Amino acid sequence: VYIRKLSLKIPPPSEKDWPKEDEEDFFLLDPDRKRDALPQPIRMVNKLVMLVFENAMEIIERREVLREAEKLKVQPTKCFPTAEFQVTGRANCLAVSGKYVFVGLSLGLAAFNVSDCKEVSAWDDVETEICAIHASHLGNEHHVLLALDEMGLVWLFCFHKENFLLIKILNEVEDISKRSTCVEVVLSSGGDYAGVLLQGKCRNMVYGTKAWLEIYRLPKDSWLKEMEKRSGASAGLAYKEKQSSWTSGTAQFQADIFLLQESPVSANKADAKLSLPVLLLKVKPPKPITGSSFKSPLDALKKVDDGSTLGLGYNHLIKESQWEQQEAIFHRTYWEYLEAEGERESKEEIPRHAAFHFLLPSPILQVGPEMKEQPDVPAGITVHWDGSHNLCFYLLNNPVKEKVDSDSKPDVVWPCAAPIVCSAVSSCSKYLALACEDATITIWDKHLGYPLSVTAILEERVIRSIHFL
C-alpha cells in the first residue's frame with residue numbers, strides 16, 4: 001500500500017485574477033454578468049443615481065407616516081354660511097340685540113331681521129362711517145344703541161318699531177376746536193349705564209391731550225313710557241287721516257294714503273325728543289405722587305377725615321427732599337441704561353388709557369339706605385389706568401348731583417404690587433382677574449373680597465389681554 005508522506009492540504013486561493021477595483025463586493029457579482037460590468041465613470045454615475053432614489057424614497061416614507069398620523073387626528077368641523085346680509089357699502093362692525101342684527105356701515109347704520117336676514121331699517125342722515133357699535137335689549141321691542149364714528153363722536157340711538165331714533169351725541173360741542181374724541185365706549189348688559197373714555201386738548205400740557213372717563217345713566221324706563229305715548233299719538237293721527245281720506249275723492253284718497261305711510265317714519269326721525277342721559281361720574285387719571293406738606297401724622301389723619309380715600313398714596317409723610325434723593329440715587333446707579341433708552345425727563349401728565357368694567361351688587365359695593373338695590377342692575381364700576389398700581393371702585397347708585405365733580409374720588413381702592421396691565425370680569429360678575437406687569441395673574445372673589453388663586457407666568461412673557469371662558 002502506497003502511503004503519502006505529506007498530508008492533504010487545501011491550497012491557498014489565488015488572487016492574481018481578482019479585479020482590484022471590486023475587491024470588497026466581489027462575491028456579490030453575478031458570474032453570468034462578468035463580461036457586462038460597466039466601465040468608469042459610468043459606475044460612479046450609477047451609484048449617484050441610486051443614492052438619489054434612496055433619499056427620495058426615505059422622504060416619501062416620512063411624508064406617508066405624517067399623513068397617516070394627520071388622518072388619526074380629530075378634524076375640525078367646517079362651517080359654511082347659511083345666509084348672507086346684503087349691505088350697502090362696507091360693513092365695519094355689528095351687534096346683536098333680540099331678534100335684530102345692527103351693522104355699522106361706511107355710511108350710517110342698518111338693522112336686519114335675524115329670521116330672514118332682510119334689512120328692516122337704515123339710518124344714513126349724516127353719512128358718517130360707523131367704526132364700533134354696542135346694543136342692548138330694553139324689552140317690548142325697544143333697543144338702545146351706542147355707535148362710535150370715524151371722527152370720535154358717540155351717537156346714542158333708540159331703536160323702536162324698526163326705526164332709528166337719534167337721542168343725543170354725547171360728546172358734541174358747538175366749538176369744534178374744543179371737541180373731545182372718544183377712545184372707547186362700553187354699554188352695560190341691561191342698558192342702564194354707558195361709559196365713554198374721552199381724550200381732549202389741553203394747552204397746559206406738553207403732549208397736548210388729556211384723558212378722562214365719563215359714566216352716563218340712561219333713563220330707559222322714561223324712554224319706554226315716552227315711546228308708548230308716541231305710539232298712541234301716531235295711531236290716533238293715522239286713524240284721523242284715514243277718516244278724512246274716506247270722505248275725499250279718488251285722487252285725494254291716494255294722496256292721503258301716501259301721507260299716512262310716510263308720517264310715522266318722518267315723525268320718528270325728525271321729532272324724536274326723548275329724555276336725555278344723565279352724566280353721573282367723571283373720572284380722571286390719578287395725579288403723580290409728590291412730596292408731603294404734613295408736619296406730623298396727625299395732620300395726615302385729619303386730611304383723611306375730610307373724605308379723602310385711603311390707598312391712593314397721597315396722604316403720606318415722605319418729604320419732597322426724600323423723593324429727590326431717591327431719584328438721584330436711582331439715576332446714579334442706572335445712568336447707563338437710562339441713556340441707552342433715551343429717557344424723557346418730563347414731569348407733566350401724559351394721556352393714558354383706562355380699562356373699566358360694570359359690576360353687579362356685592363358686599364364690597366355697599367349701597368346706601370336711600371337707594372334701592374337691584375340684583376340685575378350694575379352697582380359700580382372698576383377702573384384702572386395704564387401704569388397705575390391701584391384698582392379703583394366707584395359706586396353708581398349715588399343720588400344724581402346737579403353738578404358733577406370734575407374729579408370723583410373712588411369709594412374703594414385695591415392696591416397691587418405691580419402696575420396693572422389688563423383685567424377681566426366674569427359673566428356672573430363674581431370673579432375679577434387682574435394681570436400685572438410682573439406677569440402675575442390674580443383671580444379675586446369679588447363677593448368675598450379675597451384672592452382665589454395667584455399664577456406667576458415666566459418673567460420674559462408679557463400679558464396683553466385676559467378673558468374668562
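The name that an unreviewed UniProt entry assigns to the chain is WDR93 protein, with the source organism given as Crotophaga sulcirostris.

**Let's talk about the overall build of the chain**
Looking only at helices and strands, the chain features 6 helices and 20 strands. Considering only contacts in the chain between residues 6 or more positions apart, those separated by 24 or more positions represent 51%. Only carbon and sulfur atoms are counted for the fraction: they give 55% of the accessible area of the chain, which is about 31,900 Å².

**Here's the deal with the nonpolar core**
Across soluble globular proteins, nonpolar side chains have a tendency to be buried as a group. Judged by nonpolar contacts, the single largest core of 22 residues is most densely connected at L146, V154, L156, V196 and W223. Residue assignment for this core shows that the elements contributing at least two residues are strand 6 (142–149), strand 7 (154–160), strand 8 (164–169), strand 9 (181–187), strand 10 (193–201), strand 11 (209–217) and helix 2 (220–246). Apart from residues lying up to four places away in sequence, L146 is in contact with A132, I133, H134, V154, W155, L156, L170, V185, V186, L187 and A194. Judged by nonpolar contacts, the second largest core, of 20 residues, contains Y193, L197, C392 and L396.

**Quick look at the side chain of S429**
You can see S429 is positioned in the loop between strand 17 (420–425) and strand 18 (431–436). When neighbours within four sequence positions are excluded, S429 is seen to be in contact with F358, L359, L360, K446 and H447.

**Some thoughts on the sheet that holds strand 14 (residues 380–385)**
For sheets, the rule is that strands pair by backbone hydrogen bonds, running either parallel or antiparallel. Reading across from one edge, 13-14-15-16 is the order of the 4 strands in this open sheet, with antiparallel pairing throughout. Whereas interior strands pair on both sides, the edge strands pair on one side only; in this sheet they are strand 13 (354–359) and strand 16 (412–415). Each strand axis lies, on average, 20° off the axis of its neighbour in the sheet, ignoring direction. Of the pairings in the sheet, the one linking strand 15 (residues 390–395) to strand 16 comprises 4 bridges and is antiparallel in character. If you follow C392 over to strand 16, its bridge partner there is V413.

**Considerations on the sheet that holds strand 19 (residues 440–445)**
Taken together, the 4 strands give an open sheet; going across it, the order is 17-18-19-20, and neighbouring strands pair in antiparallel fashion. One side of each edge strand has no neighbouring strand; the edge strands of this open sheet are strand 17 and strand 20 (450–456). Along the sheet, successive strands turn relative to each other by an average axial angle of 20°, direction set aside. Bridging between strand 18 and strand 19 involves 5 bridges; their strand directions are antiparallel. In the strand pairing of strand 19, A435 is matched with I441.

**Section: the environment of C182**
Position of C182 relative to the elements: it lies in strand 9. Linking C182 and L197, residues 15 residues apart in sequence, is a C-alpha distance of 5.8 Å. Beyond its immediate chain neighbours, meaning those up to four positions away, C182 contacts L148, G152, V154, N171, V196, L197 and L198.

**Topic: the confidence of the model for the chain**
Model confidence for the chain is summarised by a mean pLDDT of 77, while 68% of its residues fall at 70 or above. Low pLDDT, under 50, characterises residues 343–349; the predicted model gives this stretch 8 contacts beyond four residues in sequence or across chains.

**Quick word on the packing of aromatic side chains**
Inspection of the entire model under this criterion finds 13 aromatic pairs. Aromatic pair F102 and F159: ring centres 5.1 Å apart, planes at 80°, arrangement edge-to-face. Of this pair, F102 sits in strand 2 (residues 100–105) while F159 sits in strand 7, and the two are 57 residues apart along the sequence. Here the two residues F102 and F159 agree in accessibility, since each one is buried. Directly above the aromatic system of W212 lies the positively charged group of K210, at a separation of 5.5 Å from the ring centroid.

**Thoughts on the pattern of salt bridges**
Working definition: two side chains of opposite charge can pair if their charged atoms are close together. Throughout the structure, instances matching the rule amount to 4 salt bridges. Between E64 and R67 there is a salt bridge; the shortest N-O distance is 3.1 Å. You can see E64 and its partner R67 sitting in helix 1 (residues 42–72), 3 residues apart, about one turn around the helix. Judged by relative accessible area, R67 falls into the partly exposed class, the value being 42%. For K220, the salt bridge goes to D192, with nearest N and O atoms at 3.3 Å. Taken together, the positions of K220 in helix 2 and D192 in the loop between strand 9 and strand 10 put the pair 28 residues apart, joining distant regions of the chain. Taken as a pair, K220 and D192 share a single burial class, namely buried.

The rules behind each value
- Residues numbered from 1 in each chain as written.
- Predicted model: local features only at pLDDT ≥ 70, side-chain atom pairs only at ≥ 80, totals over all residues.
- Heavy atoms only, no water.
- Helix = DSSP H or I, 4+ residues; strand = E, 2+ residues; numbered from the N terminus.
- Contact = heavy atoms within 4.5 Å.
- Areas by Shrake-Rupley, 256 points an atom, 1.4 Å probe, with all protein chains shown as cover.
- Core = buried A, V, L, I, M, F, W, Y, C linked by side-chain atoms within 4.5 Å.
- Buried < 20%, exposed > 50% of the residue type's maximum accessible area, 1.4 Å probe, protein only.
- Pairing = 2+ DSSP bridges.
- Axes fitted to C-alpha atoms, helices over the stretch in contact; angles between N-to-C directions.
- pLDDT = per-residue confidence, 0-100.
- Phe/Tyr/Trp six-rings, centres within 6.5 Å; stacked < 30°, edge-to-face > 60°.
- Lys NZ or Arg CZ within 6 Å of the ring centre and 35° of its normal.
- Salt bridge = Lys/Arg side-chain N within 4 Å of Asp/Glu carboxyl O.

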